[in-house]
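# Summary of structural features
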Protein chains: 4
Amino acid sequence: MIEKVVINVGGQTFVTKRSTLQRYPDTKLANISETCEHFDITTEVYYFDRNPLIFQSVLDYYRTGKLHFLSNICVEQIRDELQFWEISTIDLGPCCWKYFYTVDSDLKTCNVIDKHFFQKQCFLYSSKSSLTNVKSKILNVLENPRSSTFALAWQLFYLSVVCLAIIVSVIQSFELTRGNMKEIRNVTSEEDVKERLTDHDNWIGVVTHVCNVIFTLETSLRLATCPSKFDFFRSFLNIVDIMSVFGYFAHIIVGAFPDSSEFFFIFSYALVILRGFRFFRLERFIEGLRIMLLSIKQSKKMLFLLILILLISSIIFGITMHILEMDGDFTDPTSSFYWAIITMTTIGYGDVYPKTKCGQILASVCATFGLFLLSMPIAVVANTFTDLYKRYCEHQCHLLHQKKHTLYNNDRTELIPIKY
Amino acid sequence: MIEKVVINVGGQTFVTKRSTLQRYPDTKLANISETCEHFDITTEVYYFDRNPLIFQSVLDYYRTGKLHFLSNICVEQIRDELQFWEISTIDLGPCCWKYFYTVDSDLKTCNVIDKHFFQKQCFLYSSKSSLTNVKSKILNVLENPRSSTFALAWQLFYLSVVCLAIIVSVIQSFELTRGNMKEIRNVTSEEDVKERLTDHDNWIGVVTHVCNVIFTLETSLRLATCPSKFDFFRSFLNIVDIMSVFGYFAHIIVGAFPDSSEFFFIFSYALVILRGFRFFRLERFIEGLRIMLLSIKQSKKMLFLLILILLISSIIFGITMHILEMDGDFTDPTSSFYWAIITMTTIGYGDVYPKTKCGQILASVCATFGLFLLSMPIAVVANTFTDLYKRYCEHQCHLLHQKKHTLYNNDRTELIPIKY
Amino acid sequence: MIEKVVINVGGQTFVTKRSTLQRYPDTKLANISETCEHFDITTEVYYFDRNPLIFQSVLDYYRTGKLHFLSNICVEQIRDELQFWEISTIDLGPCCWKYFYTVDSDLKTCNVIDKHFFQKQCFLYSSKSSLTNVKSKILNVLENPRSSTFALAWQLFYLSVVCLAIIVSVIQSFELTRGNMKEIRNVTSEEDVKERLTDHDNWIGVVTHVCNVIFTLETSLRLATCPSKFDFFRSFLNIVDIMSVFGYFAHIIVGAFPDSSEFFFIFSYALVILRGFRFFRLERFIEGLRIMLLSIKQSKKMLFLLILILLISSIIFGITMHILEMDGDFTDPTSSFYWAIITMTTIGYGDVYPKTKCGQILASVCATFGLFLLSMPIAVVANTFTDLYKRYCEHQCHLLHQKKHTLYNNDRTELIPIKY
Amino acid sequence: MIEKVVINVGGQTFVTKRSTLQRYPDTKLANISETCEHFDITTEVYYFDRNPLIFQSVLDYYRTGKLHFLSNICVEQIRDELQFWEISTIDLGPCCWKYFYTVDSDLKTCNVIDKHFFQKQCFLYSSKSSLTNVKSKILNVLENPRSSTFALAWQLFYLSVVCLAIIVSVIQSFELTRGNMKEIRNVTSEEDVKERLTDHDNWIGVVTHVCNVIFTLETSLRLATCPSKFDFFRSFLNIVDIMSVFGYFAHIIVGAFPDSSEFFFIFSYALVILRGFRFFRLERFIEGLRIMLLSIKQSKKMLFLLILILLISSIIFGITMHILEMDGDFTDPTSSFYWAIITMTTIGYGDVYPKTKCGQILASVCATFGLFLLSMPIAVVANTFTDLYKRYCEHQCHLLHQKKHTLYNNDRTELIPIKY
């Protein structure tokens, strides 16, 4: 006679054969016997205080060798139950991968958002000496606008300085250019140029110097107080800051030498570009911008693919066009590559364009393929951002609920892990 | 011996230990005892007349400390049940946030649509005097085309006047320009210009004046009868109306002075632009347009992000291009910024374009980054509109079902809260 | 004592109070009594042979007054059950509208696809006379390539004729133009022009005439045999066909008059355009094209919205630009409108572009708003097509399954309603 | 009296009438009797060890004639159960097609990905002779970078050679062009041209020759060792390789003849294009690129539709524009077609543009329809890629889980079918 096994899981009774359960010998159910703690001698039933819906799927696995789950049950809960039943997910059917691993990537996104948006306030050192205490306080003021009112005030001040520096830079560029740049570079003596460029003893020069002193102080303080120098130099914006500071001093030093007007000139503009990048510091206040920077980081692969596909297509279409229209605008292979990229991104300046019938047909093909190919990575990037943004909104929504609840039940505050 | 507790929820029996239930002391289940109303002494079972599927999740929370729900159950129902069991959602796992808060935002969207599309007909004053009664009637005619046949007729008439005024304005502009605008402004005396501009005693002048009288009356009536002046001035379209009216009178007054032809000229055109905005009044009839205006309002953050990212990128790319191609089209920093924006939005007029190899490479990079960066906020905006549109269709669908049902069962009309 | 009611639905037992059931007096449960057919006197239980999962939701409605359903149950099944329980959906919570009405629109799409793709083969007349029989046969050959092998052959032949006619037209246009069109029109006498235009006694002329005879015959036959003249004239492609036929005869007649070369010329080209529209007849073979035409029909509202928003924006941006840059390319209001549309659709020919700083800023704003506004209706259109395409694939997939099954079980053929 | 049938499925009891079960006579339930193995004589119950949730739907099918399933159950599992109950899916309601056939297409995608990404390492011949063994080893080195460390090294070397060859080609093109191409072709004697073109005894010539020898060897080895010549020639990239090799030898042979400079010149460039296609070999390392190529293959229909719609629209809009603006840029029908395509793809070079009012209106219409029509197939293509990419990520995720598990439980390695 076949030995039947009666199992009660969370109130629901399941009947199966012992041979079925022994199909996977390393699992919990294969090793249950009448001496284990789950066996109730009076009713001859194995009792488990687990979720019966998930156990149904587990039992189906023993019977059919195929692992499927109900898609309305939370995957995290399924994982916990599987761990209890000592079953691995390696036999999970491809039909269930979709909902099973989507949750994984959702949770990963959640963690990323939690790390970047909601856990930044605790810059703490392990040793609690007075020095590290001061360091930690300074760091919080410099890095985290939400830590205190003073930190917020400082951040607002710092960002105003950034904006001021950029505006001043742009005005300076205007002035440089308006002062007949070409004339300066070609006609007048080099001394005159430098005079003109350094002749900012007016308010613009003063503002620039003050801003740069503030930047230098802020950057050195942050570098001095950061807990891990390695993490500091891994951040793109920190490198921009440090380059700005060095660039500023290099600018002054170069300006002191007599014969360096051309060099000096390039330096001046390079500093303006670096200051432009500083605008990204706004991410400390504008969540949208921070989510964007985050999704750029997460879409690195797609950006790389976009550039790669543009490169390959531009070589193929560019060279073909070069052959077809050698007498026209496409005398130069680089112009042809440039034309292909400008066409595929649907910009079409019109400085380079085909004139023969064959060239026009190729341009049409290039345009069609451009639309077709570029839509692919762009769609993934757009999805990534939309997803991150939604997850961020949900996170914020959850914290708001938590906060409300905390204000209501003050006695349960110790349960909340993240203080907002 | 461990004290077991048997709980019957909606017909299904659950067995657990009392110690488990006391894990969360502030909840209903922690405080049940044999004296409470749910205890049946004969069977020694606690009976609750609630949903058993949700109770399964609640019990799992007591056992594992993790709160998960079945994603096929309506979140609103889960909230009601949780309130009954006195459990908060602060311990809800991140894996369940997605479906839990999606419903929240869906409901919010539903409310927004309900407010903007289906609840507008009840402009009622609290005090029921004869004056407010008249006011309410006028307001309904002016604001809500669905309130009565007369209101609909009025709205159609009003919109025809708007269209007429715009067409007339455009014709007027044509005439002004066709009359050799440049010649007028440079050669002839200022008196002649004004003569020409005010010489609309022909039909165009008459139509313009009649239209403006109608606009003035309509706007003043609406302003007089609106229940809250504050809400009136918060609406963008109302401000456009008021500015149009004032602009019209200012136009007449300015025209009366002898030496103001240039000023008068600008005024004339500014009025045409204001009239263009009046086209948005069509939203009273065209649901698509109203949904669009609504989703613009809801996507303010994304619009801001789009502008910000364009600004930052244009500064970085613009200045870099300015350095690389100073001898070409990029002598001016503003042209460079303008070029960067026109390139990143993939328009590419071709009035400003790079000529050196370096410049062409930078243009390609700028184009690629433009596609990459702008796709992100645009995707969110597109999603918002698609979502609002779908929700609107569902809402309409539901009202249609309701209406059908009401016509069928006349005796149940009192149950329907919104009359369509 | 409260009267308890025990209800067994599909094997599962539910207990509730009679007062609860009487909350909605017009429903089936409110009127059950011990004399009705569902009452089992021996066990004192009301037995219903229905789905218990849905009954759980129904019972919750009686208890809480709120109607929610499990989202994993098919809405069609819920509707059937609700009809049995005599409950209307007017109290359905907004949280459930989403999945409830999505299925409605899905089914509507399914029906549309079924009507357009899979039910076309049965052109049958109610009266079965020999004349209508012949008519029906001709119609099937002319309209439905799938009805028989001869019909397929005819369709392939017809489409080759269409393509041939278009190619010939294009060649003709080339010839007309290559023959120094301008020269003809200005220098030579009108007689010479006509000679040139009608001098197609060569192969091109012959092919054109043969093609047109075939078109005329086909169109008249279809018009003669179609069951409803009203439906015939409602189809856009049929009107194109009829206009083509009339155009062809008009062309011949006009050509017979001596002094009509200019008129004749316009006619020639108008016919080429009409022939271009005939290309859409390819939809009889290419499913993708038919789905596209169908989704254009379904997206009429969005196309209208797209045009409306382009019009309004072009008026606002166009006039503003007209004021800012009157001395530049924007002397004309129409050019300004045209510029605004070409900018907002991100084409940017570069024939009209801003030259002042203000104009460049406005162009940037216009570009940004163009991207922002146009993405909205475009996203809905893209969704509609994607949806229709997916539904079509599923439909085809289902029919394939059905077909396989029919070949296997020949004895069950009578169950299949649509023969593919 | 009606014969009732009690059925116990996986622990849950269902009661129904025998007449209901005999509705579909070919199914398992119609033919159960008291003598079959599932009947338990003591309890008079038919016992089936199957999933009860799915049986509920099966029973509903017998009762109502409509087949619906719970959407949270995996479709694969439903199929298995239906096979057991001998029920076909031909009566499945359209409301359930969506989730039923979505899984089908998901599984198909899964198989495609599995075939292209995770099953490539086992190039095995059926006969295990020493020759085929060597062949198999060579093939693995040449085709599969993941098979061994040596294979990876070879692939990296091979791709460097590809990149080097392309860079050298581009430099060569530069040189050719920089050397005043036009001058060469028109002024100097043909001998001089050839001298110039073949005068690569410098490093460029050497590199080119070495690269080509490597390509020739690699391609011949792959051709010699591939198991199926037919599959080899079906791959686009293999044909590119073979054409490159033949092109190279043809190039050398042509260069040997004295009077073939023009021909020789075209050959040189054609080879550069073929080398450009070789860049796609990068797909062996860059998964994104391979997914892209795969989704291009899967979107063939949409690419065809995109081209078709562009062709039809360009004929209609092009000819119309040709009529409207015959005196402007549109003298030629081909220019008009080209203009229409360049406008609809939103490129807008600006070399051809409308000058009259009518032409500008038509251009606006063309732009609007371009946005409207092209968004449709592009959206489907973007979806296909996003889907494939997501499925790929899930697949990789699953393999990672599997791998982890394998490292942990070494004794269960035999269960894993795909070694990563």
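The rules behind each value
- Residues numbered from 1 in each chain as written.
- Chains lettered and ligands numbered in written order.
- Predicted model: local features only at pLDDT ≥ 70, side-chain atom pairs only at ≥ 80, totals over all residues.
- Heavy atoms only, no water.
- UniProt positions renumbered as here; feature names shortened; annotations may be inferred.
- Least-squares fit on C-alpha atoms with pLDDT ≥ 70 in both.
- Contact = heavy atoms within 4.5 Å.
- Pairing = 2+ DSSP bridges.
- Helix = DSSP H or I, 4+ residues; strand = E, 2+ residues; numbered from the N terminus.
- Axes fitted to C-alpha atoms, helices over the stretch in contact; angles between N-to-C directions.
- Buried area = accessible area lost by both parts, 1.4 Å probe.
- Salt bridge = Lys/Arg side-chain N within 4 Å of Asp/Glu carboxyl O.
- Polar contact = N/O pair within 3.5 Å; in protein donor to acceptor, adjacent residues only side chain to side chain.
- Core = buried A, V, L, I, M, F, W, Y, C linked by side-chain atoms within 4.5 Å.
- Buried < 20%, exposed > 50% of the residue type's maximum accessible area, 1.4 Å probe, protein only.

The name recorded for chain A in an unreviewed UniProt entry is BTB domain-containing protein, from Mytilus galloprovincialis. UniProt, in its Subcellular location (unreviewed entry) section for chain A, records the words "Membrane".

With that settled, consider the relation of the copies chain D and chain C. In the superposition of chain D on chain C (RMSD 0.1 Å, axial shift 0.0 Å), the rotation amounts to 91°. Both chain copies can therefore be described as sitting about a four-fold axis. Each copy contacts the other with its own distinct surface, as only 13% of the interface residues of chain D are interface residues in chain C too.

As a general point, the strands of a sheet are linked pairwise by backbone hydrogen bonds and lie either parallel or antiparallel. All names here are of chain A. Across the sheet, which stays open at both edges, the four strands sit in the order β2-β1-β4-β3 with mixed pairing between neighbours. Edge positions in the sheet fall to β2 (12-17) and β3 (39-40), since each of these pairs with one other strand and no more. Bridge count between strand β1 (residues 4-9) and strand β4 (residues 45-48): three bridges; the pairing is parallel. Directly across from Ile7, in β4, lies its bridge partner Tyr46. Sitting on the sheet, helix α2 (residues 52-64) touches β1 and β2, and the angle it makes with β2 is about 10°.

Moving on, we come to the pairing of strand β1 (residues 4-9) of chain D. All names here are of chain D. As paired elements, β1 and strand β2 (residues 12-17) share six bridges and run antiparallel to each other. Bridge pairing in β2 places Val9 opposite Gln12. Where β1 hands over to β2, the hairpin turn is made up of two residues, of which Gly10 adopts a positive phi near 55°.

It is worth spelling out the interface of chain A and chain B at this point. Across the boundary between the two partners, chain A contributes 76 residues, which contact 73 residues of chain B. Counting the surface lost from both chain A and chain B, the interface buries some 6,600 Å², and carbon and sulfur atoms represent 71% of this. At the boundary of chain A with chain B, the tally comes to three salt bridges. A:Asp80 is paired through a salt bridge with B:Lys66; the nearest N and O atoms lie 3.1 Å apart. Where chain A meets chain B, there are twelve residue pairs in polar contact (both at pLDDT 80 or more).

Residues A:Trp339, B:Trp339, C:Trp339 and D:Trp339 are the most contacted members of the largest nonpolar core, which totals 293 residues. Those residues within four positions of B:Trp339 in sequence are excluded, and the remaining contacts are A:Tyr349, B:Phe317, B:Met321, B:Phe330, B:Val352, B:Tyr353, B:Pro354, B:Ala363 and B:Cys366. By size, the runner-up hydrophobic cluster in this structure holds 154 residues, among which are A:Ile87, A:Val103, B:Tyr62 and B:Leu67.

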